[in-house]
Amino acid sequence: MQTRRLEHGGNIDRQLPLYFTFNGQRLQGYYGDTLAAALLANNISLVARSIKFHRPRGIMSAGLEESNALVTCLDSNGVLVPNLKATEVQLELDLVARSQNCWPRVDFDMAAFLQLGSALLSAGFYYKTFMWPKNWWHHCYEKIIRRAAGQGHASTKADLKTYDSRRRQCELLIIGSGPTGLAAALAAVENNISVIIAEQDHQLGGSSIWEQTDNESTSSDTWRKQALAVIEENPKITVMTNCLVFGQYDHGAVMAVERNARPVDSISWRIRAKRILLATGATEKPLIFSDNDRPGIMLAASVRQYIYRYAVKPGKHAMLAIKDTTERKLTRKALLHAGIEIAGELQDGEHISGTQGRSRLRKVNIIDSNGNIKNVNCDLLCVSAGWSPNAQLLGQLGVKLDYDSDHQSLMPLQQMGLQLCAGAARGLGQFSDCIQDGKQQALNAIAQLQSNQLQSSQSHHELAKISDSPSKLTLHQGQGPAFVDHQNDVLRFDLELAVREGYEHVELVKRYTTLGMGTDQGKTSWVNAIAELERITERSASEIGHTSFRPPYSPISIGALIGAEVGQHMAPTRQTPFHRVFTQFGCVFQTSGNWSYSRYFPLADETMEQAIQREAHAVRNQVGCIDMSTLGKVDVKGTDALEFLSRIYCNNIEQIEPGRLRYVLMLREDGILWDDGTVAQLSVDHFLVTMTTANSSSVWRWMNRLLQMHWPDLDVQITLVSDHWASLAIAGPNARTLLQKLNPNFAIDQESFPFASVREGLLDSKFDGEFVSKVPCRIFSVSFSGELSYEINVPANYAHWLFETVMERGEANGITAYGLETLDLLRIEKGHLSVGTEMDGRTTPMDLGLRKMVSTKKSFIGSSLLQRPALDESSRPQLIGLTPSDGKTAIPVAAMLCNQPWQQGVIQVSQGILTASIFSPGLKQPIALALLKNGQQRHNERLWAVSPITQQSTEVTVGPSCFYDPKGERVHD
Amino acid sequence: MLLIPCPHCGERDENEFDYGGPAIDFPELSANTAEWHRAVHLPDLDECNLEEFWFHAAGCGCWIKTQRNIKTHEFQVFEQPNRGQS
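Bear in mind that the values here come from a model prediction, so they are computed numbers and not experimental data. (Residues numbered from 1 in each chain as written. Chains lettered and ligands numbered in written order. Predicted model: local features only at pLDDT ≥ 70, side-chain atom pairs only at ≥ 80, totals over all residues.)

Undergrad: Go over the overall build of chain A, please, and point to the residues and values.
TA: Per the secondary structure count, chain A includes 23 helices and 48 strands. Rg of the C-alpha trace for chain A: 38 Å, well past the compact-globule value of 30 Å for 973 residues, more than 25% over. For the C-alpha atoms alone, the extent of chain A along its principal axes is close to 115 × 70 × 55 Å. Within the span of chain A, comprising 973 residues, buried residues form 50% of the whole. (Helix = DSSP H or I, 4+ residues; strand = E, 2+ residues; numbered from the N terminus. Rg over C-alpha atoms; globule rule 2.2 N^0.38 Å. Buried ≥ 20, exposed ≤ 12 C-beta atoms within 10 Å, placed from the backbone.)

Undergrad: Go over the pairing of strand β21 (residues 380-384) of chain A with me, naming the residues and quoting the values.
TA: Residue and element names in this part refer to chain A. The buried fraction of β21 is high, at five of five residues. Burial of the side chains of β21 extends over both faces: Leu380, Cys382 and Ser384 are buried on one face and Leu381 and Val383 on the other. Looking at chain direction, strand β16 (residues 317-322) and β21 are connected through five bridges and run parallel. Residue pairing across strands places Ile322 opposite Ser384, the latter belonging to β21. (Pairing = 2+ DSSP bridges.)

Undergrad: Could you give an account of the sheet that holds strand β35 (residues 673-683) of chain A, naming the residues involved and the relevant values?
TA: Residues and elements named next belong to chain A. Taken together, the five strands give an open sheet; going across it, the order is β34-β35-β36-β33-β37, and neighbouring strands pair in antiparallel fashion. Pairing within the sheet leaves two strands with one partner each, and these edge strands are β34 (661-667) and β37 (717-720). Neighbour-to-neighbour, the strand axes of this sheet turn through a mean angle of 25°, independent of strand direction. Alignment of strand β33 (residues 632-637) against β37, held across four bridges, turns out to be antiparallel. Opposite Val634, over in β37, you have Leu720 as the bridge partner. Sheet contacts for helix α18 (residues 641-648): β33, β34, β35 and β36 (686-691); angle to β33, the most-contacted strand, approximately 135°. On the sheet, helix α19 (residues 696-710) packs against β33, β34, β35, β36 and β37 and is oriented at approximately 20° with respect to β33. (Axes fitted to C-alpha atoms, helices over the stretch in contact; angles between N-to-C directions. Contact = placed C-beta atoms within 7 Å.)

Undergrad: Talk me through the sheet that holds strand β45 (residues 912-920) of chain A; I want residue IDs and the actual numbers.
TA: Residue and element names in this part refer to chain A. In space, the six strands of this closed barrel follow the order β43-β46-β45-β44-β47-β48, with antiparallel pairing throughout. Strand-to-strand, the axes of this sheet are offset by a mean angle of 45°, without reference to chain direction. Here helix α22 (residues 820-830) sits on the sheet and contacts β45 and β46 (925-933); the angle it forms with β45, its principal contact strand, is near 115°.

Undergrad: Tell me about the interface of chain A and chain B, residues and numbers included.
TA: Across the boundary between the two partners, chain A contributes 22 residues, which contact 25 residues of chain B. Elements with a contribution of two residues or more to the side of chain A that touches chain B: α19 and α23 (863-866) of chain A. The leading source of residues in the side of chain A that touches chain B is α19(A), at six residues.

Undergrad: Before we move on, could you go through the packing of helix α5 (residues 179-190) of chain A against helix α6 (residues 220-233) of chain A and cite the residues and values that matter?
TA: All names here are of chain A. Between α5 and α6, whose axes approach to 10 Å, the crossing angle comes to 40°. Regarding the angle of α5 to α6, the classification is oblique. Seen along the crossing, α5 lies across α6 with a hand that is left-handed. Of α6, the residues touching α5 (which contributes Pro179, Leu182, Ala185, Leu186 and Val189) are Ser220, Arg224, Ala227, Val230 and Ile231. Grouping the constituent residues of the contact of α5 with α6 by class yields eight nonpolar, one polar and one charged. (Parallel < 35°, antiparallel > 145°, perpendicular 65-115°, else oblique. Left-handed = near helix turned anticlockwise from the far one by under 90°. Nonpolar A, V, L, I, M, F, W, Y, C, P; charged D, E, K, R; others polar.)

Undergrad: Can you break down the confidence of the model for chain B residue by residue, with the values?
TA: Taken as a whole, chain B shows an average pLDDT of 89; of its residues, 93% reach a score of 70 or greater. Predicted as a complex, the structure gets a pTM of 0.88 and an ipTM equal to 0.95. (pLDDT = per-residue confidence, 0-100.)

Undergrad: Any details on the domain arrangement of chain A? Residues and values, ideally.
TA: For chain A, the domain assignment lists domain 1 (13-113), domain 2 (161-283 + 387-467), domain 3 (579-629 + 725-827), domain 4 (632-723) and domain 5 (873-973). Using only C-alpha atoms to locate each centre, domain 1 of chain A and domain 5 of chain A end up separated by 64 Å. (Domains from an automatic or database assignment.)

Undergrad: Please provide a residue-by-residue account of the environment of Ala735(A), values included.
TA: All names here are of chain A. Mapping Ala735 onto the fold places it in helix α20 (residues 735-741). Owing to 29 C-beta atoms within 10 Å, Ala735 belongs among the buried residues under this scheme. Taking the C-alpha atoms as reference points, Ala735 and Ser789, separated by 54 residues in sequence, lie 6.1 Å from one another. If we skip the residues at most four places from it in the chain, Ala735 touches Val623, Ile730, Glu787, Leu788, Ser789 and Tyr790.

Undergrad: Tell me what's going on with the nonpolar core, and back it up with residues and numbers.
TA: Residues and elements named next belong to chain A. With 155 residues, the main nonpolar core has Leu172, Leu173, Ala256, Leu277, Leu278 and Cys382 as its most contacted residues. Two domains share this core, each providing at least three of its residues, namely domain 1 (13-113) and domain 2 (161-283 + 387-467). When near neighbours in sequence (up to four residues on either side) are disregarded, Leu173 contacts Ile196, Ala198, Val254, Ile271, Ala273, Ile276 and Leu277. With 114 residues, the next largest nonpolar core counts Ile656, Ile880, Cys898 and Ile918 among its residues. (Core = buried A, V, L, I, M, F, W, Y, C linked by C-beta atoms within 7 Å.)

Undergrad: So what's going on with the pairing of strand β40 (residues 775-780) of chain A? Which residues, and what values?
TA: Residue and element names in this part refer to chain A. With six bridges connecting them, strand β39 (residues 758-763) and β40 associate as antiparallel partners. Counterpart to Leu762 in the pairing with β40 is Pro776. Bridging between β40 and strand β41 (residues 789-795) involves three bridges; their strand directions are antiparallel. Residue pairing for β41: Phe780 is matched across the bridge by Glu791.

Undergrad: I'd love a proper account of the packing of helix α17 (residues 608-621) of chain A against α22(A), names of residues and values included.
TA: All names here are of chain A. The contact between α17 and α22 brings their axes to 9 Å, and the two run at 55°. One way to sum up the angle between α17 and α22 is to call them oblique. Considering the relative orientation of α17 and α22, their crossing is right-handed. The residues of α22 that touch α17, namely those facing Met608, Ile612, Glu615, Ala616 and Val619, are Glu821, Thr822, Leu825 and Leu826.

In structure tokens, the structure reads:
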């Protein structure tokens, strides 16, 4: 039964009753309610337990500032979402919510019953208490404390909600749609500029939805409806409701999250605006007195909001403790409207010494100026110590807000950079003032946009007037705890303690006491805390300052920030032109960077190991084929093309001739080896260069930078052609025979097409004596496997044809498709380099035994810094090969090279690291590559390959890095 | 979330660009080790106005050189030495 629902009024749809469950109890609310409003309507006052003391807590506010009523909700996918404020949860059908921080029930909490919290838990309690004995922290204390600590419990299930991230831009972004925001939008309409209004509530209007103006002649409700009619009609205004702007970034960028969005659950918006108007309103400050946290003690404006907006009676007998007289009048009027009896009012000179009641407020104790104590029986206490502007978004840019002692609040400047502040967000209180200011600041922004000028105003709230200057906060002494931060259970006593112990700086106070570190980000506590610190430290509030404001303004779902980029969509997947035909061929793929790359091609029920051994055997003895399309390819043209290549590669390539290619090394400016590849000369001023898959985009970027920024005088044009070609390498003793079967229109015998050459022509220009088709091709005689090999490049859309034809015509020659795993075995047998293992960003060409490839006759990128003496010291790690001394024991992967085998507790100095360790199918024994100090001079030395992780060690013998065909005769065949 | 003024495309969002680090003037390739060391490892960096390279990868494909006030993020663009790619 909604016993506390008023008969009439409210901004709710009584035709749409919604049933929901709270702590297992089936309840009814209406469409338009928040969970908090529906709970109050059902006369539920006890909603949660506090974090440290497990004190009973109710609903304190009606907005994002709520620090008491935290609940856990079950979302539509059955995933628990903790720490939601009951005041921000929109009521929906079959909503399931429950109290948190209590066991077994919110109304009977064991921790509270046992007084586990109690006064023991003052600020710094953990730091002081759990110091000794020292090793107990790890074994004992931490485990116990971790179990008790924390707010709510995160679900361990995957988040099944759907998210997206999107962008928008506008000339004027108005954050907040209260009277100020709406007035600003109306002013913008007349000036024909594009506007976005972002409102975190599900409807526009802010306080004008519920607040009654003190002036009877202008009804805020009527005004709002007129404003909305104009705004909704205007195509230049984009309205974003349920949209919380949580972060302010550079150059007019803000981040917002739209909840309950369509078609996904939440959308994170990145909005870029030319001017941003903060019409974010203000937050009411609570009063600090003994036992100020009981359910039933509420902010005065929130009480009015529950009465007028939700038609809910938060109590039956109310007491008022409100500093501002206008607000007192408004609250009195609201209480009368709801039929709530006014049991008393706190008069000037009186203060509250304590409250009573367990799950609901029963009694307020008051001390008057003569020291007489009286009790007021009531179940609702409306409190207000004034307002603090919501200028956190301005503060996020690093601007410190000034403390204004008249308002006892942090006040923003009227404008900072692209941001303007208006209305209650800069200290205005009255409805009519806010409207006037919203309009005025919007016109300011528009004038700046039109004149394209930035006005940097230093003026503070010159319009700001408050109806009645509130008296200074008086200290209400009492027996019970006086809460400054309700959510983190920070007491006035804790602030005093922190200062007494030397944590005087505002940032230290925050960290020592945890004040303002809860999910409410101290919206109701920080300004009060500054006043408290002012009193305790006897320093001025402006000297005390405030802590940094950082995004998010209010908690948001991390899922929304990630958007749709989860799982497979975390990064784009790149497929080579062979992907489809490989799939038909039963290929097993692996992800390598963004690439989905062929790993191996199992036959029937082969295991990976079996498949790899078969593939490697085929390449060494017959012929295999592998996809090489992921290599980067850049077409280089121009009269200075050779000069350019000569500057970026360290090899002597000046003598290259058309039709030939070179294996080349690229160094960084500091002389460290960066990338390897080939340079093929197609014609006099035309080259094709390749680079490793991993570095292709960074090398492309680098080439562009050199040509554009450093050497603009060179006549060179470069084009990235990586994706234009499908590239299939055929490798093995039968490679030439197979290539002939593809009918190239050029001679391919050893003499006409030697190793390290390139040919351009056509494939299949004749077949069976008859013309069948013509496939343009570029064929490179290069080898990564160490066998006779041809890398056949055809335009990407011939990939399917090329692979099928090679497999078909090569059948008699034993053609076998192989993948990345086999490629790796073959290159390790040959001691060929790979990026990330041997070329690890620390090695020089000399370290890797490639001194001969470094030209001494020319200058190139890296040549100067390569001459630094330390880069050529023999003590540097150098590439060597390892074989097990007994010829058969496997060498542990990622091992270190040491003098002794692994032994428990013995620490050895590593002399080198393994970069690769395999079982060689060609040599029929384990082999490894390693970087060993002075390795090139240590051949035949015996060392131990030690893996402390697997606790294995193998005795190994040092040797050359090339295990297979060291003279390189097989590539010529 | 900077807005970077590309001289070819206008003000564009930061994530269209690859960062190229502080703008370095390369010495001659044949310059000695000390000179290259200064250029690569010890560039003159102003404490406030930082000269930088950006690559407009998702835009015109041009490298640009800018000056950024690292306190206010105010940008200035230099005349570009490049001939552009597009």
